[in-house]
Amino acid sequence: AEAEEDCHSDLVRTDDNEGPGEANLQAELQMFRAQWMFELAPGVSSSGLETLPCKSSRGPGVKSVDTKGKQELAKEEKAKELFLKAVEQEQNGALYEAIKFYRLAMQLVPDIEFKITYTRSPDGEGVGKRCVEDSEEDGKMADLLTDFQQQLTLQDSSVKLCQPELDVSQTHISVLPLEVLMYIFRWVVSSDLDLRSLEQLSLVCRGFYICARDPEIWHQVCLKIWGRSCNKLVPYTSWREMFLERPRVRFDGVYISKTTYIRQGEQSLDGFYRAWHQVEYYRYLRFFPDGQVMMLTTPEDPQSIVPRLRTKNTRL
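Residues numbered from 1 in each chain as written. Predicted model: local features only at pLDDT ≥ 70, side-chain atom pairs only at ≥ 80, totals over all residues. Heavy atoms only, no water.

Visitor: Looking at this model, I keep getting lost on the nonpolar core. Mind explaining?
Guide: It is characteristic of soluble globular proteins that their nonpolar side chains tend to be buried jointly. Core analysis: the biggest nonpolar cluster contains 24 residues, and Phe185, Val189, Leu195, Leu198 and Cys222 have the highest contact counts within it. When contributions to this core are tallied by element, the ones reaching two or more residues are helix H6 (178-189), helix H7 (195-201), helix H8 (206-212), helix H9 (215-226) and helix H10 (239-245). The element that contributes the greatest number of residues to this core is H9, accounting for 6 residues. Excluding residues that lie within four positions of it along the chain, leucine 195 makes contacts with Val189, Trp218, Val221 and Phe243. In this structure, Ala79, Phe83, Val109 and Ile112 belong to the second largest nonpolar core, which totals 10 residues. (Core = buried A, V, L, I, M, F, W, Y, C linked by side-chain atoms within 4.5 Å. Buried < 20%, exposed > 50% of the residue type's maximum accessible area, 1.4 Å probe, protein only. Helix = DSSP H or I, 4+ residues; strand = E, 2+ residues; numbered from the N terminus. Contact = heavy atoms within 4.5 Å.)

Visitor: Explain a nonpolar patch on the surface here, please?
Guide: Among the surface-exposed residues, Leu29, Phe32, Trp36 and Met37 lie close enough to one another that they form a single nonpolar patch of about 450 Å² accessible area. By the element assignment, tryptophan 36 lies in helix H2 (residues 20-40). Residue tryptophan 36 is classed as partly exposed on the basis of its relative accessible area of 45%. (Patch = residues over 30% accessible without salt bridge, like charges linked within 9 Å, V, L, I, M, F, W, Y side chains within 5 Å. Areas by Shrake-Rupley, 256 points an atom, 1.4 Å probe, with all protein chains shown as cover. Salt bridge = Lys/Arg side-chain N within 4 Å of Asp/Glu carboxyl O.)

Visitor: Help me out: how do you make sense of the side chain of histidine 219 in this one?
Guide: Structurally, histidine 219 is set in helix H9. The exposure class of histidine 219 is buried, given its relative accessible area of 19%. Not counting the four nearest positions on each side in its chain, histidine 219 is found in contact with Asn231 and Trp239.

Visitor: Is there a simple way to think about the packing of aromatic side chains in this case?
Guide: Given two aromatic rings, one states the distance between the centres and the angle between the planes to describe the pair. Under the definition given, this model contains 5 aromatic pairs. Here the basic side chain of lysine 100 rests over the ring of phenylalanine 101, its NZ or CZ set 5.3 Å away from the ring centre. Over the aromatic face of phenylalanine 288 sits the side chain of lysine 312, whose NZ or CZ is 5.3 Å from the ring centroid. (Phe/Tyr/Trp six-rings, centres within 6.5 Å; stacked < 30°, edge-to-face > 60°. Lys NZ or Arg CZ within 6 Å of the ring centre and 35° of its normal.)

Visitor: Whenever I open this one, the pattern of salt bridges confuses me. Can you help?
Guide: Two side chains bearing opposite charge may form a pair once their charged atoms approach each other closely. The tally for this structure, following the rule as stated, stands at 9 salt bridges. Put simply, lysine 115 and aspartate 111 hold a salt bridge, and the shortest N to O gap is 3.8 Å. Aspartate 111 sits in the partly exposed class, given a relative accessible area of 36%. Connected through salt bridges with shared partners, the residues Glu76, Lys80, Asp111 and Lys115 form a single ionic network.

Visitor: How do you make sense of the sheet that holds strand E1 (residues 255-267) when you look at a structure like this?
Guide: Adjacent strands of a sheet form backbone hydrogen bonds with each other and so pair up, either parallel or antiparallel. Pairing is antiparallel in the open sheet, where 3 strands are placed in the order E1-E2-E3. In the strand order of this sheet, the two ends are held by E1 and strand E3 (293-298), each with one partner. Between one strand and the next, the sheet's axes are offset by a mean angle of 15°, whatever the strand orientation. Both E1 and strand E2 (residues 274-287) contribute to a ladder of 11 bridges, which runs antiparallel. (Pairing = 2+ DSSP bridges. Axes fitted to C-alpha atoms, helices over the stretch in contact; angles between N-to-C directions.)

Here is the structure:
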């Protein structure tokens, strides 16, 4: 309106000073300039309509897109939750429940399996911290043997590896010479390589700890496991480290393999449903240092079978 009033005032002034043809030309020019400036003004479209209502009219469309995106994210999160629950149920052996949750998850997001990350960040810092603490403890344990040896060296030469804590009337084990003590330690390990008992024996005192770390004992253990091929200690620093770090078959326990699968049964007489059978059984393996191995396949759980596999003499 203001532009039209300016143009009208200019037209009146030109009518007073110039002729009719010149005045019409100037009026058209002023009208063109006014229309052009009006179209260039913010919030005005080329058709002369303000664009603000157009923005407001596009608002619901943008909101609908945002809402749709949020719905997709919520659907994916729900699918992840169902998929992880299915994994947990499968690990616990509840296969029917696992299949149900798998179906629900894939109905929401068909490729949800490839969008799952199985790492848990909240426990990450704690795990890293525990690893650092464990490494520090390992360092202390590595220096423990040297520390004990130095303590015994600094003492009087008459002091033996161990002494009785209380006065006893009977002969104490500390009276035995070192050679006899080492023979006892080798007897504890025996041909069954009972190194668990050897480690328990090392917890008695500092002297027993030193005897249990004797390199000759661990060398004989390594020869028993790997044969003459382990004469070279490299790249390990001790025979005990080789025993702990080098891959080997363990003789102090039972290897257990659990197998579970679903077998399709016969269809019902009316054809309304079909039965499914969940088959579950265990395979047990017990290795012995002399080369013998015992294998047992049974549906009985480990709590009832493992105690019966402690020795070679079994009625199974």
